[in-house]
Amino acid sequence: MPLVSMRQLLDEAARGGYGVGAFNVNNMEQIQAIMEAARETKSPVIVQASRGARSYSQDRFLYHLMLAATELYPEIPTVLHLDHGNSVDTCKSAIAMGFTSVMMDGSLMPDGKTPSTFEYNVSATREVVELAHAKGVTVEGEIGCLGGIEDGHGAGLDGLSHLTDPDQAVEFVKQTGLDALAIAIGTSHGAYKFTKKPTGETLKMGRLIEIHKKLPGTHLVMHGSSSVPKELQDIINQYGGKLKPTWGVPVEEIQLGIKNGVRKINVDTDNRLAITGAIRKVFFEKPEEFDPRSYMKPAREAMKKVVALRMTQFGQAGHISDYSPIPLEEMARRYQGNGNPAAA
Ligand SMILES: [Zn+2]
């Protein structure tokens, strides 16, 4: 089947009360790892690419690899999503290339670093919603700013200084008409999220629940939600790596989020750790190896295991054939009709 709308996947997830992991990719092996995990667990899939990934893969490689994924895994509803679009133009170019979902991150200015104003965020997001919905493409927005920096994107904040204000979130959704909303509740991008296991002081699940109560019909998105498991850190350090001790977002907190409106969970760091650990292990144990397949295969397998585990933990496993995909043209018609494709 062709790439599908993210809105439909998230509407179905809301109906079924589960979350869907959104996994970042830059290359073929990462896409293969996700698709194999999805086949094994019978999961719908969100593959996402940042601006950094688009430039690393020259855009076209990424797009054609995703087309290959839809050919080789025709039974899996698969979304191609733009992670952290920094401007209307970035979103436009992604839609033109065939992304079925885009994030317009207007919480930062187009430099991807400076926190913006509410007015700027509304106007940029609104503009993307209009041009995306006309093509049946889904839009994620962000209100409040996440901590950390990823692929050069982020204000380098500590994660707690620009939390999402629940009333502002309501106003933002009303004024933009977006499909999914990323909120800042204390999480950060990258491996170094927390210096100890996060508590209510550092991870504001109460705020998430408050936002969901005010916006029960909006699909919430948790960014920076790798769990950064100690086992994966240990493998890297055991084979010559030098990661500093760090903590991510515990899976049970994500599951609490899923009970409270979280439908999309962004995971990147865990997969990076799995890949790096597997490669280091081969290099350490077999220094005579020089065929890239000898370490890329175990790397791909290690990522697949992490993705399959997250798909099961988030609840998307087993939901591959609950519904038939709505073509983007039909989604566009539904947005035009009543603005709510789920109710059509
Ligand atoms: Zn993010």
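Here the structure is shown first, and the text comes after it.
The structure presented is a predicted model; accordingly, all values stated were derived computationally and were not measured. Position numbers for residues start from 1 in each chain and track the written sequence from start to end. In keeping with the predicted nature of the model, local features appear solely for residues at pLDDT of at least 70, side-chain atom pairs appear and are counted solely at 80 or more, and the whole-chain, interface and lining totals rest on all residues. Only heavy atoms go into the side-chain values, all of them from the structure, while hydrogens and water stay out.

1. Digging into the overall build of the protein
Stage number 1. The way it works is that DSSP assigns letters per residue, a run of H or I at least four long becomes a helix, a run of E at least two long becomes a strand, and they are numbered from the N terminus. Of regular secondary structure, the protein possesses 13 helices and eight strands.
Stage number 2. Across the 344 residues that make up the protein, the buried fraction comes to 57%.
Stage number 3. When checking whether two residues touch, look at their non-hydrogen atoms; a contact exists if any pair is within 4.5 Å. In the protein, of all internal contacts separated by at least 6 residues, the share reaching a separation of at least 24 is 77%.
Stage number 4. If you sum the accessible surface of the protein, you get close to 14200 Å²; carbon and sulfur atoms cover 55% of it.
Stage number 5. None of His or the chain ends enter the tally, which takes Lys and Arg as positive and Asp and Glu as negative. To locate a charge, take NZ of a lysine, CZ of an arginine, CG of an aspartate or CD of a glutamate. Side-chain charges in the protein split into 37 positive and 40 negative, and the spacing between the mean points of these groups amounts to 3 Å. Burial here depends on accessible area, computed with a 1.4 Å probe over protein chains only, as a share of the maximum for the residue type. Under 20% is buried, over 50% is exposed, and the range in between is partly exposed. Each accessible area is a Shrake-Rupley result for a 1.4 Å probe, and residues are judged covered by the shown protein chains and nothing else.

2. What to know about the environment of E29
Stage number 1. With respect to the element layout, E29 can be found in helix 2 (residues 28-41).
Stage number 2. Residues E29 and R300, spaced 271 residues apart in sequence, show a C-alpha to C-alpha distance of 5.7 Å.
Stage number 3. When neighbours within four sequence positions are excluded, E29 is seen to be in contact with M296 and R300.

3. Examining the sheet that holds strand 5 (residues 138-143)
Stage number 1. Taken together, the eight strands give a closed barrel; going around it, the order is 1-2-3-4-5-6-7-8, and neighbouring strands pair in parallel fashion. Across this sheet, the average inter-strand angle for adjacent strands is 25 degrees, counted without regard to direction.
Stage number 2. As judged from the three bridges shared by strand 3 (residues 78-85) and strand 4 (residues 101-104), these two strands associate in the parallel manner. Across the sheet, residue G85 finds its bridge partner in strand 4, namely M104.
Stage number 3. Fitted lines through C-alpha atoms give the axes, limited to the stretch in contact for helices. The angle between two N-to-C directions lies from 0 to 180 degrees. Lying over the sheet, helix 6 (residues 118-133) contacts strand 4 and strand 5, oriented at roughly 175 degrees with respect to strand 5. A pair of strands is considered paired only if DSSP assigns at least 2 bridges between the two.

4. Things to note about the side chain of D83
Stage number 1. Secondary-structure assignment places D83 in strand 3.
Stage number 2. Salt bridge criterion: a side-chain nitrogen from Lys or Arg within 4 Å of a carboxyl oxygen from Asp or Glu. For the buried D83, which has no salt bridge, the nearest side chain bearing the opposite charge is K264, at an N-O separation of 5.1 Å.
Stage number 3. A 3.5 Å cut-off defines polar contacts: any pair of N or O atoms within that distance qualifies, except that in protein one atom must be a possible hydrogen donor and the other a possible acceptor, and neighbouring residues in sequence count only when both atoms are side-chain atoms. Within the structure, D83 has its side chain in polar contact with the side chain of N24 (distance 3.1 Å).
Stage number 4. In contact with D83, not counting residues within four places along its chain, are N24, Q48, A49, S50, R51, M103, H223 and N266.

5. What to know about helix 11 (residues 269-285)
Stage number 1. How far a helix is expected to stretch is found by multiplying one less than its residue total by 1.5 Å. The terminal C-alpha atoms of helix 11, which comprises 17 residues, lie 24 Å apart, in line with the 24 Å expected from a rise of 1.5 Å per residue.
Stage number 2. Looking at the buried residues of helix 11, the elements they touch are strand 1 (20-24), helix 2, helix 9 (230-238), strand 8 (262-267) and helix 12 (292-314).

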